[in-house]
Structure formats: C-alpha cells, structure tokens
Amino acid sequence: MRGTKDRRDFQLAFPLHKAPARADHRWSTFYLAEARPYAEPDDYARHAHIFSVPNPIPIPQSIPMISNLKRRSALSWLFILGLMTAACVDPNLSTGNSPFLVVDSNQAAKEDSASDGTADNEDEADNEDEDGAASAAPIADPAAPSEVAVTEAPEPIATPAPPPDQAFAEQLLIPAPPEAPKLTAPEAMEPAPVVIAILLPLSGRAAPIGRALLNAAEMALFDVGTDRLRLYPKDTGGTPEGAALAMESALQDGADLVLGPLFSGSVEATALIAKEHGVSVIAFSNDRIVAGDGVYLMGFMPEAQIARVVHFATSQGLRRFAALIPGTPYGRAVENALEISVANAGGSVVRLERYVTSAEDFFDPVKSLASYDRRRGELRATRAQLEERNDEISRRTLARLEGLETLGEAGFDAVLIPEGGIRLRAIALLLPFYDIDPNKVRFLGTLLWDDATIGREPALVGGWFAGPDPANGASFRTRYETLFGSAPPRIASLAYDATALAAALARGDAKPDYSAAMLMNQGGFAGVDGIFRFVADGTAERGYAILEIREREMRVISRAPQDFNDLVN
C-alpha cells in the first residue's frame, strides 16, 4: 500500500495486533486493539476497532487441467500467491511490504532498495487484468536456475507524519478532537486599601497635644489595624482655616473616614466640606453644637458625666446642689445639664455662681457662692446679742463662736466644680476659706478631675467625679509612656479608640461601612475608656464609673456599666 503511515505514530495511541484471517477468500480482517493486553480472545471482540480490507488478488475456487508445463507454471504461480497470502496472516512470516501493516517509511525505502523486485511484483499484481494475465516476465520453471531481473525501486515520497492524535483520527475517519482549553487560576484580588485621615494640630501652640493624639492613633493602628488600612496625618495648625485645608487634602487622598479635628471651631470649618463628599467625621471635640449631620464626637460629653455623678449623689442622700460655673459655652452646657439631672433625680439647685475665665482670682465668685457676707453679718449680729445679754449661757455661746468667720451653713449639700488644673486648685483653696466645709459639703467634679496629683489638695480629698474606670486604660497609659517617654494627656485615649474603631470596621475584604447606621450601633463599642456609642445627635454616650479622691490615689466607689442595658447617666 502506498503512502503508509508511520507505525510509531500509531503506537503512541494504540498498538497494532493481528488476528487470524477469516476463511472468506475475499476479505482478510485485522484488529486495531487498545493499548493494554487482554487475557481472553473475547476481549478483542469487545475492545478492538475492526477494519476489513479486500485481498488484492482473488483466489480461484478451481484450477482447470492444463499441460504439465502449464501445470507447473500454474502451480508455481499459486505457490507464490500462497506465500504472499500467508505472509499477510501469519505473524511468523516476514512482513516485508505488506499493505496491511504500517511501517516506518524510511525503513520501507531501505527494504525496497534491497529487494529483488518484490515492489514491482506488488505493482503488477495491482494491475492484473480480469483474465488473470500478468504483465510481468514469463514464469520459468522453479526447479531450474534462472536470473531474475532486478529493477531499481523508486525513491519513496517523504510524507510528513501528522501528530499522533491526528493520524489516529484520520484512520478512524472521525474529526480530531479540539485542543483542550488551557485553564489558569484567577489571580487573587487584593482588597482595596482603606484610607483614614486624621486631622490634628501638629504645629502651633497646640502641637504637643496634637502629636500626643497622633502617637495614640499610631498605637491603635499597630494594635488593631490591618494591612489594607492607611492612616494619613494632616496638620490643621490649630486653626479653622488650617483645618479646612487639611480636610480638602484628605479628600483628595481618597479618605474613607476622617478622624479629628480637635477644636470645635476646626470641626465646624470642616463639617460642610465632609458632608458635600459624603464622608463621615469622628472628631475629638466635646462641643455638642458642632455634632450631627455626619459629624460624630468622641469627646467626653460633660452632660453624661454630670448626670452620672448627680444620680449617685442623690442615691447617697444629697438633695441640695450648688455649682461654680465658668462663663463659657462649656460652662453653659454644664449648667443646663446640672439643672436637668438634678430635676430628674428629685433634687434642687439652690446656688449657682458664674465666673469669667480671664479672672486672675476667684475670690468674689467663691465668696458669693458661700454667701460669705450674709453669714458673716449673721455672726456679728449674734455676737452682739450674746454680749448684750451677758449671762452664763451667752458667755459660753460666745466662747464657741470664737474663731468662726461666719455663722450658719452654706445652704447646700453638694457643690459642683467643673474645672481642672490650676483653676481647680485655686477654687479648692478658697472654698474652706469662705467657710464651705468639705466635711459637711460634698465636692463634685467632672472628668477634668482625672489628675493623679489632685489628692495633694486637702479640700478635694473625699470629692466625687464621674469618669472611665482607671483600670481600663492602665495598660494603654503604661505602653504609651514606654513608647514615647512621657505620660499621655487624658484625651489621648480618644484618638486610640477612634482609630481602633475605624480599623475594626475595615476588617474583611469588603468595603468598610462607615455609615450612620453602623456608627450608631445600639450595642456600642468597647474601648480604652470603656463602652461608648454614638447617638442620634452625634455625641458619644458612655458608661462612667464614680471615683473618689484620696490623698495618693483615686478609688472607684461605683463601677462603670459593662453594657448599655445597665447604663444610668
């Protein structure tokens, strides 16, 4: 057979197996079996692909009587044909150039060149006419020696073998299977970064407090943050104009949330810009006037502190309240909170004095609060009466009045002093001076009293104020001091908690949710300063403890609530 395909091409897919030819004189059957061997003959029937090809020369059923010479010639011819047929079906005989076996084309060419005319005989057999006459040379007596003419075999035509699967498909007369698509794993998509801007006074007079807040924010970033969280500090310079520029810069950087600014004027200057871009702001101010409409205040609201300490004081039997209030927006907020809280607790505000913050001393306000002139006048009038009587009882009473500056009590059970630092100490010195006895009147304060040195002022020992439980922030303060070499200011924890909140809401691969619904989660959040949550007006509601001032420490006398179900402010 011409154009034979490379046996190796077939062997890559299936080996070629031969089976005994059927008795049919017109057809010889071969089996192209699967690669694995089979133990039973039936396996070939089940698994083989069967091909039938016509024998090139039909074998006659009978041979007429001819002469001896012709008979010998005919027998010789039949003998040759029998050898050719046997070579095709007997595996033990030489395959030569059998048209039913696929051999290497190069090897076939070599065998053709070395043969004695077998290739020509194949061509002649294919061209034999219907009468059985061959066009080859006359057949000689096989018993007699003779010379056989050897014709040079033609050069084989080099036909490049197709790929193994294509060659097999062509042999089966079915289309080649399409090339399997290459599958590649999708590239892992990294979650988009979350940009948090923090606006602080990093220059100007307030730079020290601004840098302390930034230090605390960086601590939270390393403690709670993720790889996708980015913190961008922006300097406000401590002014509203600087805060507005810092906000613009933060939004250009793609801020998802803005922390800060610190001062209420700066918050007011940035609120409208943030609203136009739909970005929430968590500021550190405690001025509720600037809260709301997308602005949330982390600052410690004085209203909640006053409500907590008043509620506790009334639970201890105190009903009459007085206050010394600064003439500032903060003071007005305190005054309003005191009146509401006392009324809700069933008490009354009996004395209220205000003072200007620019005053060099607080003599007049404290003197007025103590009703010093009235009480001193009462003392003088009482002495005059006793001296006029001049009896034994009167003389003894005058003896007891020696050393007194005033007569009568202050007229209230507790006095609220919402101050801190130098002003608190100055006021604390004047209260006993004007006969407001701390042993008879309970001094109340706010978180501004949260000072480790406050117990050095004897008049304040025994005073109460509302604030976070010191145990909650002890670890934060110790670590801060270790890292930065100084104690943190009281409000540094605000920056830590705000950054930690932003980081907690940025966990996961989804875009973080800094919406009002998420920030005003009713369950609240737990931070360095205890539980807190934002309410509808944008302020932070917190759970406070009640602390009592001692000479060398502050002692918790009423624990802070652990959740908002137990919150009483």
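What you are looking at is a predicted structure, and each value in this text was computed from that prediction instead of being measured.

Conventions adopted
Residues numbered from 1 in each chain as written. Predicted model: local features only at pLDDT ≥ 70, side-chain atom pairs only at ≥ 80, totals over all residues. Heavy atoms only, no water. Helix = DSSP H or I, 4+ residues; strand = E, 2+ residues; numbered from the N terminus. Buried < 20%, exposed > 50% of the residue type's maximum accessible area, 1.4 Å probe, protein only. Contact = heavy atoms within 4.5 Å. Areas by Shrake-Rupley, 256 points an atom, 1.4 Å probe, with all protein chains shown as cover. Pairing = 2+ DSSP bridges. Axes fitted to C-alpha atoms, helices over the stretch in contact; angles between N-to-C directions. Polar contact = N/O pair within 3.5 Å; in protein donor to acceptor, adjacent residues only side chain to side chain. Right-handed = clockwise from strand over helix to strand, strands pointing away. Phe/Tyr/Trp six-rings, centres within 6.5 Å; stacked < 30°, edge-to-face > 60°. Salt bridge = Lys/Arg side-chain N within 4 Å of Asp/Glu carboxyl O. Core = buried A, V, L, I, M, F, W, Y, C linked by side-chain atoms within 4.5 Å. pLDDT = per-residue confidence, 0-100. Left-handed = near helix turned anticlockwise from the far one by under 90°. Nonpolar A, V, L, I, M, F, W, Y, C, P; charged D, E, K, R; others polar.

A. Here's a closer look at the overall build of the chain. When helices and strands are tallied, the chain shows 18 helices and 17 strands. Taken over 569 residues, the chain has a buried fraction of 39%. Across the chain, the fraction of contacts at a sequence separation of at least 24, relative to all contacts at a separation of at least 6, is 66%. Surface accessibility of the chain: about 31900 Å² in total, with carbon and sulfur atoms responsible for 54%.

B. Expanded view of the sheet that holds strand β5 (residues 257-259). With parallel pairing, the five strands of this open sheet are ordered in space as β4-β3-β5-β6-β7. Looking at the sheet topology across the chains shown, the edges are occupied by β4 (229-235) and β7 (295-297). Pairwise comparison of adjacent strand axes, ignoring direction, gives a mean angle of 20° for this sheet. Where strand β6 (residues 281-283) meets β7, three bridges bridge the pair, whose relative direction is parallel.

C. Fine view of the side chain of S280. When you line up the elements, S280 lands in the loop between α9 (264-276) and β6. A residue is classified by how much of its surface remains accessible, and S280, at 12% relative accessible area, is buried. At 2.9 Å, the side chain of S280 and the backbone oxygen of Y514 are in polar contact. Leave out the neighbours within four places in its chain, and S280 touches L257, V258, G294, Y296, Y514 and L519.

D. Representation of the pairing of strand β8 (residues 320-326) in the model. Across the seven residues of β8, six count as buried, placing the element largely inside the fold. Note that β8 and strand β9 (residues 348-355) share seven bridges and pair parallel. Within β9, the residue paired with A322 across the bridge is R351. With helix α11 (residues 329-345) bridging β8 and the parallel β9, this β-α-β connection has right-handed handedness.

E. Main features of the packing of aromatic side chains. Scanning all chains against the criterion turns up 11 aromatic pairs. Ring geometry for F312 versus W464: centroids 5.0 Å apart, planes at 75°, classification edge-to-face. Here the residue F312 occupies a position in helix α10 (residues 302-315), and W464 occupies one in strand β12 (residues 464-467), the gap between them amounting to 152 residues. For W464, a relative accessible area of 5% corresponds to the buried category. Arranged with centres 6.2 Å apart and planes meeting at 50°, the rings of F476 and Y480 form a pair that is tilted. Here F476 and its partner Y480 are both found in helix α16 (residues 470-484), four residues apart, which amounts to about one turn of the helix. Grouping residues by exposure puts F476 and Y480 together as buried. Grouping aromatic residues by their ring pairs yields a cluster made of Y296, F525, F532 and F534.

F. Representation of the environment of A506 in the model. Its place among the elements puts A506 in the loop between α17 (492-505) and α18 (516-519). For the pair formed by A506 and V195, sequence separation is 311 residues and the distance between their alpha carbons is 9.9 Å. Apart from the residues within four sequence positions on either side, A506 is in contact with V194, R228, L229, P512 and Y514.

G. Layout of the pattern of salt bridges. Applying the stated rule across the entire model yields 19 salt bridges. The salt bridge involving R479 is made with D223; its shortest N-O contact spans 2.7 Å. On the criterion of sequence distance, the pair formed by R479 in helix α16 and D223 in helix α7 (residues 207-224) is long-range, its members being 256 residues apart. For R423, the salt bridge goes to E419, with nearest N and O atoms at 3.6 Å. Taken together, the shared-partner salt bridges in this structure form one network comprising R288, E303 and D537.

H. Quick look at the nonpolar core. If you look at the biggest cluster of nonpolar residues, it comprises 94 residues, and the most contacted ones within it are I196, I282, F284, F443, W449 and F534. Per-element accounting of this core gives the leading share, 10 residues, to α17. Look past the residues within four positions of W449 in its chain and what remains in contact with it is I417, E419, L424, F443, L444, I454, L460, G463, W464, F465, I549 and M554. Counting 21 residues, the second-largest nonpolar core is a separate cluster that includes L199, V290, L297 and M301.

I. Focus on the confidence of the model for the chain. Looking at the chain, pLDDT values average 75 and 66% of them are 70 or higher. In this model, residues 1-71 is a region of pLDDT below 50 whose contacts with residues beyond four sequence positions or in other chains number 110 contacts. Of the regions scoring below 50 in pLDDT, residues 85-176 engages in 80 contacts with residues more than four places distant in sequence or in other chains.

J. Here's a closer look at the pairing of strand β11 (residues 442-445). The pairing of strand β10 (residues 414-416) with β11 spans three bridges and is parallel. Bridging from a neighbouring strand, V415 pairs with F443 of β11. This β-α-β element, β10 to helix α15 (residues 421-433) to β11, shows right-handed connectivity. As judged from the two bridges shared by β11 and β12, these two strands associate in the parallel manner. Note on β12: the bridge partner recorded for G445 is F465.

K. Just the packing of helix α8 (residues 240-252) against α9, in detail. It is at 8 Å that the axes of α8 and α9 come closest, and there the two elements cross at 35°. Once α8 is placed against α9, the crossing between them reads as right-handed. Contacts from P240, A243, A244, M247, E248 and L251 in α8 reach G265, S266, A269, T270, I273 and A274 in α9. Here the contact of α8 with α9 is composed, by residue class, of eight nonpolar, three polar and one charged.

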